[in-house]
Amino acid sequence: MEAKVRVVILNFLSLDGVYQGPGSPDEDRTDGFERGGWFVPFVDAALEKRVEEWAASATGFLFGRRTYEEFSAVWPTITDPADRNAARLNSLPKYVAATSPVDATWGPATVLDHDVEAAIAALKQDGRGELQVHGSGRLGRSLLAANLVDELRLAIAPVIVGQGRKLFGDTQAPSGFNLLSEERTPSGLIMCRLENTGVGAAGTYVRGQTNLSASEAASDRASK
């Protein structure tokens, strides 16, 4: 049955795919990471406007334990009704992937404490809407590996961090994506949306020809 609920990852990345500690030097020093705050020089009004628009379609959120705990310490204190991001985060359903105990008082919240990929696959079949992953890079990476992500919404900073956790890792098969939109902010960020199209295609380059599949390229060589 075709999935009705879409899983969408929103994340800030460097050119080398790092997501760790974008907002400050002390945000996340896990595994000895010492280069936090690398995204801050590129934050501008265009970024904030686009992220607001991207987040507006959420009907629920998926979090890893660490991100949930960090968010739950901040967002419940923001009660200004004009802050639409806070209103969504505080009111919409939240699903927390956690293999260790978590205080899930920032609700409504459901803890997914075993077979997380299977639980999220079931959520994708239950109703309609869009479950967004904000931050939670390790969760996002595991969902990508399980081919459970329908769309990426990325803000890519023109910097190579050279250290830290990365969103993309090895998978059982390549994944193909279609570029839905892209723009550049005044500060130099690339903002893009990419839709998962399934297994990535491959081919063999033939000089002077484009968009050939592997079988077409082999046939072309055989005819010469």
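Residue positions within a chain follow its written sequence, with the count starting from 1. In view of the model being predicted, local features appear only for residues whose pLDDT reaches at least 70, and side-chain atom pairs are presented and counted only at 80 or more, with totals across whole chains, interfaces and linings using the full set of residues. Remark: hydrogens and water are excluded; side-chain values derive from all non-hydrogen atoms of the structure.

Let's talk about the packing of aromatic side chains
Part 1 of the argument: Stacked, edge-to-face and tilted labels apply to pairs of Phe, Tyr and Trp rings (six-membered ring for Trp) whose centres lie within 6.5 Å, assigned for plane angles under 30 degrees, over 60, and everything in between, in that order. On inspection of all chains with the given rule, the structure shows 8 aromatic pairs.
Part 2 of the argument: Judged by centre distance (5.6 Å) and plane angle (35°), the ring pair of Tyr68 and Trp106 falls under tilted. Separated by 38 residues along the polypeptide, Tyr68 in helix α2 (residues 65–72) and Trp106 in the loop between β3 (94–97) and β4 (109–112) bring together distant segments of the chain. In this structure, Tyr68 and Trp106 share a single accessibility class: buried.
Part 3 of the argument: An aromatic cluster is present here, built from Phe61, Phe63, Tyr68, Phe71, Trp75 and Trp106 joined pairwise through their rings.
Part 4 of the argument: Directly above the ring of Trp106 sits Lys94, whose terminal nitrogen or CZ lies 4.7 Å from the centroid. Secondary structure counts use DSSP, requiring at least four H or I residues in a row for a helix and at least two E residues in a row for a strand, with both numbered from the N terminus. Using a 1.4 Å probe on the protein chains alone, a residue whose accessible area is under 20% of its type maximum counts as buried, one over 50% counts as exposed, and one in between counts as partly exposed. For a ring to carry a charge above it, either NZ of a lysine or CZ of an arginine must fall within 6 Å of the ring centroid while also lying within 35 degrees of the normal to the ring plane.

Considering the sheet that holds strand β2 (residues 60–64)
Part 1 of the argument: Ordered by their spatial adjacency, 8 strands build an open sheet running β4-β3-β2-β5-β1-β6-β8-β7, and the pairing between neighbours is mixed. The open sheet is flanked by β4 and β7 (175–184), the only strands paired with a single partner. Looking at each pair of strands side by side, their axes are set apart by 25° on average, direction ignored.
Part 2 of the argument: Where strand β1 (residues 5–13) meets strand β6 (residues 151–156), 6 bridges bridge the pair, whose relative direction is parallel. Paired with Val8 across the strands is Glu151, a residue of β6. Strands are labelled as partners when DSSP assigns at least two bridges between them. Fitting a line to C-alpha atoms yields each axis, with helices limited to the stretch in contact; the angle taken between N-to-C directions then spans 0 to 180 degrees.

Some remarks on the pattern of salt bridges
Pairing between side chains of opposite charge can happen when the charged atoms of each approach one another.
Part 1 of the argument: Whenever a carboxyl oxygen of Asp or Glu lies within 4 Å of a side-chain nitrogen of Lys or Arg, that contact is scored as a salt bridge. For the coordinates displayed, the defined rule picks out 16 salt bridges.
Part 2 of the argument: Note that Lys49 and Glu53 form a salt bridge whose closest N and O atoms lie 2.8 Å from each other. With a gap of 4 residues between them, Lys49 and Glu53 both fall in helix α1 (residues 45–55), about one helical turn apart.
Part 3 of the argument: We note a salt bridge from Arg153 to Glu130, for which the minimum N-O separation is 3.0 Å. You can see Arg153 sitting in strand β6 and its partner Glu130 sitting in strand β5 (residues 129–134), a full 23 residues away along the chain.
Part 4 of the argument: The class of Arg153 is buried, set by a relative accessible area of 5%.
Part 5 of the argument: Salt bridges sharing common partners tie together Arg6, Glu130, Glu151, Arg153, Arg193 and Glu195.

Observations concerning the confidence of the model for the protein
Part 1 of the argument: In the predicted model, the protein carries a mean pLDDT of 90, and 92% of its residues have values of at least 70.
Part 2 of the argument: Ranking the helices and strands of the protein by mean pLDDT puts β6 first, with 97, and helix α6 (residues 214–222) last, with 51. Per-residue confidence from the predictor is given as pLDDT, running between 0 and 100.

Some remarks on the side chain of Glu151
Part 1 of the argument: As for its position among the elements, Glu151 is in strand β6.
Part 2 of the argument: Looking at Glu151, the relative accessible area reads 0%, which means it is buried.
Part 3 of the argument: For Glu151, the side chain forms a polar contact with the side chain of Arg193, separated by 2.6 Å. Pairing of N or O atoms within 3.5 Å defines a polar contact, subject to two protein rules: one partner must be a possible hydrogen donor and the other a possible acceptor, and residues neighboring in sequence count only if both atoms are side-chain atoms.

Some remarks on the layout of surface pockets
Part 1 of the argument: Within this scheme a cavity is a closed region of a 1 Å grid, computed over the protein atoms alone, that accommodates a 1.4 Å probe without allowing it to escape, whereas a pocket is open but has protein on both sides within 12 Å along at least five of seven lines; lining residues each have an atom within 4 Å of a point. Grid points are joined across faces, edges and corners, and a volume is the space filled by probe spheres set on the points. Computed from the structure, the largest pocket encloses a volume of approximately 1400 Å³.
Part 2 of the argument: Lining the largest pocket are 47 residues, with Thr67, Phe71, His134, Gly135 and Ser136 positioned closest to its centre.
Part 3 of the argument: For the lining of the largest pocket, the secondary structure elements donating two or more residues are β1, α1, β2, α2, α3 (84–91), α4 (116–124) and α5 (137–145).
Part 4 of the argument: Here the element with the most residues in the lining of the largest pocket is α1; it accounts for 6 residues.
Part 5 of the argument: The residue makeup of the lining of the largest pocket, split by class, is 20 nonpolar, 14 polar and 13 charged.
Part 6 of the argument: Considered as a void within the structure, the second largest pocket measures approximately 180 Å³ in volume.
Part 7 of the argument: In terms of lining, the second largest pocket is formed by 14 residues, of which the most central are Leu144, Phe168, Thr171, Ser175 and Phe177. Classification used: nonpolar for Ala, Val, Leu, Ile, Met, Phe, Trp, Tyr, Cys and Pro, charged for Asp, Glu, Lys and Arg, polar for all others including Gly.

Details of the pairing of β6
Part 1 of the argument: Extensive coverage of β6 is indicated by the burial of 5 of its 6 residues.
Part 2 of the argument: Inspection of the sheet shows β6 paired to strand β8 (residues 190–199) by 6 bridges, in the antiparallel sense. Bridge assignment links Ile156 to a residue of β8, and that residue is Ile190.

Considering the environment of Val133
Part 1 of the argument: Locating Val133 in the fold gives a position in strand β5.
Part 2 of the argument: Of the residues examined, Val133 reaches a relative accessible area of 0% and is grouped as buried.
Part 3 of the argument: Taking C-alpha positions, Val133 is 6.2 Å from Phe63, a pair spaced 70 residues apart along the chain.
Part 4 of the argument: Once you skip the residues sitting within four places of it in the chain, Val133 turns out to touch Val7, Val8, Ile9, Leu10, Leu62, Leu139 and Leu143. We call two residues in contact whenever any of their non-hydrogen atoms come within 4.5 Å of each other.

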